[in-house]
Amino acid sequence: PEQNISLITISDQQTEPCCGTHLLNTAHLKHFVIVGAKTASTGVKMLRCLTGDAARLSRENGVRLCEEILSYQGTLEGNCEDLDKKMVDKVSQKISHWKSSISDANFPTILHHELSQVLETYRQKIVFSQRADLKKEVSAQFQAAMDEQQSRPYLMVIINVDKGKIDLNKLCKMASKPALILAIDKGSVKAKAMMSKEMVTDDFNAETWLQPIVDHFKGTAKAPKGQDKRVNCILGATKVTKDNLDGLESVFEKADFIAREYFR
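Residues numbered from 1 in each chain as written. Predicted model: local features only at pLDDT ≥ 70, side-chain atom pairs only at ≥ 80, totals over all residues. Heavy atoms only, no water.

With that settled, the discussion passes to the overall build of the chain. Tallying secondary structure elements over the chain gives eight helices and nine strands in all. Computed over C-alpha atoms, the radius of gyration of the chain comes to 31 Å, more than 25% over the 18 Å expected from 2.2 N^0.38 for 264 residues, which places it beyond the range of a compact globule. Counting only C-alpha atoms and orienting by the principal axes, one finds that the chain spans roughly 100 × 40 × 30 Å. For the chain, buried positions account for 35% of its 264 residues. Carbon and sulfur atoms make up 51% of the accessible area of the chain, which totals about 17,000 Å². Of the charged side chains in the chain, 37 are positive and 34 negative, and the gap between their average positions amounts to 2 Å. (Helix = DSSP H or I, 4+ residues; strand = E, 2+ residues; numbered from the N terminus. Rg over C-alpha atoms; globule rule 2.2 N^0.38 Å. Buried < 20%, exposed > 50% of the residue type's maximum accessible area, 1.4 Å probe, protein only. Areas by Shrake-Rupley, 256 points an atom, 1.4 Å probe, with all protein chains shown as cover. Lys, Arg positive; Asp, Glu negative; His and termini not counted. Charge placed at Lys NZ, Arg CZ, Asp CG, Glu CD.)

What follows is the structure in structure tokens.
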């Protein structure tokens, strides 16, 4: 007061300097919305609010976005495996857009918290759907190779997917015979060769079988922890280039020749 500063006392417990626009009646605000909240200190919350037309526009935008987001609940509440790939891609793009929108500094805080939970549920649904699609795609490619190479004593297959984690160990075991599997997704490649220890020789084993591919991608052949790389050999995820992919067919033929020589 000595310096012409007005002080506001609330319930005789807290006194703060007055730093806002004065109103004769809170009804003059017309619209009010909280758009930010943070902890200033222990037991003290600091709120950021909008009033008047700014608050009205914030609330209207919040309601519009809320209705738009919730309109997809019916689509995503069913079985994830039944979702159409185009719909999955569409919703994935929308989720990114929605997350950005609800993070706007003038978006209502309570809607931000509630819609964040809804979008996280949507994201998990999309992830499950993408995994189901990947599983179907990998299974189809693997089964096609199994059918085509049914009469051969070994299996060699290249699996192409847009993105996703492929369990090469599981696929090799499903082959029930010596298998070399190469998986290519967007930007990377990995491979595995596996056979029974009874089949291992100096000239033909998992390491020598996989070596042409390892050399082609300038990678390193190694065994899973605690295993013999002559029985189970892997090429970890390695970056691919256009030149790598262009020469892949001839490299695969070299690996095929190694197996044919052993089984002839």
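The structure having been displayed, the exposition proceeds.
Turning to its location among the elements, Lys45 is positioned in strand S4 (residues 44–51). When its relative accessible area of 60% is taken as the criterion, Lys45 is described as exposed. Separated by 33 residues in the primary sequence, Lys45 and Asp12 have C-alpha atoms spaced 18 Å apart. Polar contacts involving the side chain of Lys45 include one to the side chain of Thr39, which spans 3.1 Å. (Polar contact = N/O pair within 3.5 Å; in protein donor to acceptor, adjacent residues only side chain to side chain.)

For strand S6 (residues 179–185), the buried fraction is high: six of the seven residues fall into the buried class. Since strand S5 (residues 155–160) and S6 lie parallel, the crossover through helix H5 (residues 168–175) that links them has a hand, and here it is right-handed. If you look at the hairpin formed by S6 and strand S7 (residues 188–194), you'll find two residues sitting between the two strands, and Gly187 has a positive phi there, around 95 degrees. (Right-handed = clockwise from strand over helix to strand, strands pointing away. Pairing = 2+ DSSP bridges.)

Another point: the pairing of strand S1 (residues 7–10). Direction of pairing for S1 relative to strand S2 (residues 14–17): antiparallel, over a ladder of four bridges. From the neighbouring strand, Ile8 faces S2, where its bridge partner is Glu16.

Further remarks concern the environment of Pro17. With respect to the helices, strands and loops of the structure, Pro17 is situated in strand S2. Residue classification places Pro17 among the partly exposed positions, given a relative accessible area of 48%. Note: C-alpha distance between Pro17 and Ile102 (85 residues apart in sequence) is 32 Å.

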